[in-house]
Amino acid sequence: MKRVLILEDGTMFHGEGFGAERFTTGEVVFTTGMTGYQEAITDQSFNGQIITFTYPLVGNYGINRDDFESIEPTCQGVVVGEHARVPSNWRSHLSLDSFLKAKNIPGISGIDTRKLTRKLREEGTIKGCIVDADDEVNLDHAFDALKATVMPTNQVAQVSCSKPYPSPGTGRNVVVVDFGLKHSILRELSKRNCNITVLPYDTTAEAILTLKPDGVMLSNGPGDPKDLPEVLEMIRGIQGKVPIFGICLGHQLFALANHADTYKMRFGHRGFNHPVREIATGRVDFTSQNHGYAVDPESIDDEVLLITHREINDETVEGLKHKNYPAFTVQFHPDAAPGPTDALYLFDNFMDLMDTWKETL
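So, here's what we can say about the structure. Per chain, the residues get numbers from 1 upward, laid out in the order the sequence is written. Thresholds applied to this predicted model are a pLDDT of at least 70 for local features of residues and 80 or more for the giving and counting of side-chain atom pairs; totals over whole chains, interfaces and linings are not thresholded and use all residues. For side-chain calculations, the full set of non-hydrogen atoms in the structure is used, while hydrogens and water are omitted.

Focus on the layout of surface pockets
Using a grid of 1 Å spacing that covers the protein atoms alone, one calls a set of points a cavity when a 1.4 Å probe fits there but cannot get out, and a pocket when the set is open and has protein on both sides within 12 Å along at least five of seven lines; lining residues are those with an atom within 4 Å of a point. Grid points are joined across faces, edges and corners, and a volume is the space filled by probe spheres set on the points. Here the largest pocket is characterised by a volume of approximately 390 Å³. The wall of the largest pocket is formed by 20 residues, among which E278, T308, K321, F328 and N349 lie closest to the centre. Broken down by secondary-structure element, the contributors of at least two residues to the lining of the largest pocket are β17 (305-311), β18 (317-322), β19 (327-330) and α11 (345-360). Taken together, the residues of the lining of the largest pocket sort by class into 12 nonpolar, 5 polar and 3 charged. Its boundaries defined by the atoms lining it, the second largest pocket holds a volume of some 320 Å³. For the second largest pocket, the lining is made up of 26 residues, of which E27, Q49, Q155, G223 and Y293 are closest to its centre. Labels follow the DSSP assignment, with helices taken as runs of H or I lasting at least four residues and strands as runs of E lasting at least two, numbered in each case from the N terminus. When contributions to the lining of the second largest pocket are tallied by element, the ones reaching two or more residues are α10 (249-257), β15 (262-278) and β16 (284-295). Each residue receives one of three labels: charged for Asp, Glu, Lys and Arg, nonpolar for Ala, Val, Leu, Ile, Met, Phe, Trp, Tyr, Cys and Pro, and polar for the others, Gly being one of them.

So, in structure tokens, the structure goes:
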């Protein structure tokens, strides 16, 4: 089946269809990972987006039972240079095509993903749609549909859990506030025997403190952090009363709660080859990242927050630490799924922070 990727500025890419057969619109972004397409597609931080994979061959090892970052992905489409129709891997139990069909996600292959990626790098993220070449109705109205499309502002509400749920353990009591969390975060906490309670994004500070947690994790998630003003009050209500560790969107929300500012990046960081330097030690980690917003360094009150990490390529803020409270955050994904495991030690730092805090009580 012939398909077309149409961008808001009129650019068209013709290719072959796979996955679900439906018209879709979304924000077109690119990710640079050489593997990990299953984790990327099921990462809720891609909510509402059409994912372009820069690696030329996608789907060759299929879909397995172990690498899901969520059960119901909410990305809007998948764009690849070449789609591997027949996977080969001992863990595979489903092809990428079958998986996308089951999750109602359309894909397009056979286009020049290098050209598309260069365009996104030069001009920034842009809206686009995937449409079947024989779908005359949607083809005729594609540009009008794109111009009329307004990107949602309730993305976190779409992907957060609706009710609390436990992930039982025998160690430290950790509350995870779910903004669209990756399951790999829960895996890392479980490896450290944490007794986890996952709460919806709109949970109040009072509800969190009632659980008497040893620490609170602010998870990753999609969208603009400024669309969640109610979360800022929650963070202000718990900081200083319990240790906090924030990841990705959680990092941005923590910054906003402490009166810093955020901005939308031209094309964001998506992939797992991003070098990050820890300022205090000079240590460099290669990190997994997936975000389109960043913290403005000029807006940070250096009497309240300390910048702990910087991205080496563009000097974006990659880590913060509160100067008065037991709280730290990072923009990247230390859970490393997919990606290098350089930064897994940050989960151990969180464990140490909780233990040290308990000793002071």
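Next comes the rest of the write-up.
Topic: the sheet that holds strand β10 (residues 165-167)
With mixed pairing, the 10 strands of this open sheet are ordered in space as β10-β12-β11-β13-β14-β19-β18-β17-β15-β16. A single partner strand is all that each edge strand has here, and the edge strands are β10 and β16. Neighbour-to-neighbour, the strand axes of this sheet turn through a mean angle of 25 degrees, independent of strand direction. Examined bridge by bridge, β15 and β16 share 10 bridges and lie antiparallel to one another. By the bridge assignment, P275 is partnered in β16 with F286. Think of it this way: DSSP has to see at least two bridges between two strands before they count as a pair. Axis lines are fitted to C-alpha atoms, over the contacting stretch for helices. Their N-to-C directions set the angle, which ranges from 0 to 180 degrees.

Digging into empty space enclosed by the protein
For the coordinates displayed, the defined rule picks out 3 cavities of 30 Å³ or more. In this structure, the largest cavity encloses a volume near 140 Å³. Along the wall of the largest cavity there are 20 residues; nearest its centre are T31, A40, G271, Q289 and P338. At the level of secondary structure, the elements contributing two or more residues to the lining of the largest cavity comprise α1 (37-41), β15 and β16. Of the residues in the lining of the largest cavity, the class split is 7 nonpolar, 9 polar and 4 charged.

Description of the packing of helix α7 (residues 183-191) against α11
At a closest axis distance of 10 Å, the pairing of α7 and α11 adopts a crossing angle of 55 degrees. Considering their axes alone, α7 and α11 lie oblique with respect to each other. Of the two possible hands of crossing, α7 and α11 adopt the one that is right-handed. Taking contact as the criterion, the partners of I185, E188 and L189 in α7 are, on α11, F347, F350 and M351. Per-class residue counts for the contact of α7 with α11 are 5 nonpolar, no polar and 1 charged. Roughly parallel means an angle under 35 degrees; roughly antiparallel, over 145; roughly perpendicular, 65 to 115; everything else is oblique. The crossing is said to be left-handed when, going from far helix to near helix, the turn is anticlockwise and less than a right angle, and right-handed when the turn is clockwise. Any two residues having at least one pair of non-hydrogen atoms within 4.5 Å are treated as being in contact.

Description of the pairing of strand β1 (residues 2-7)
Only protein chains enter the accessibility calculation, which uses a 1.4 Å probe; a residue whose area is less than 20% of its type maximum is buried, one above 50% is exposed, and one in between is partly exposed. Counting buried residues in β1 gives 5 out of 6 residues, a clear majority hidden from the surface. Judged from the 5 bridges that link them, β1 and strand β2 (residues 12-19) form a sheet pairing that is antiparallel. By the bridge assignment for β2, V4 is matched with H14. In this antiparallel pair of consecutive strands, β1 and β2, the connection spans 4 residues, and G10 shows a positive phi of 100 degrees. Relative to strand β9 (residues 126-132), β1 is paired through 5 bridges, and the arrangement is antiparallel. Note on β9: the bridge partner recorded for L5 is I130.

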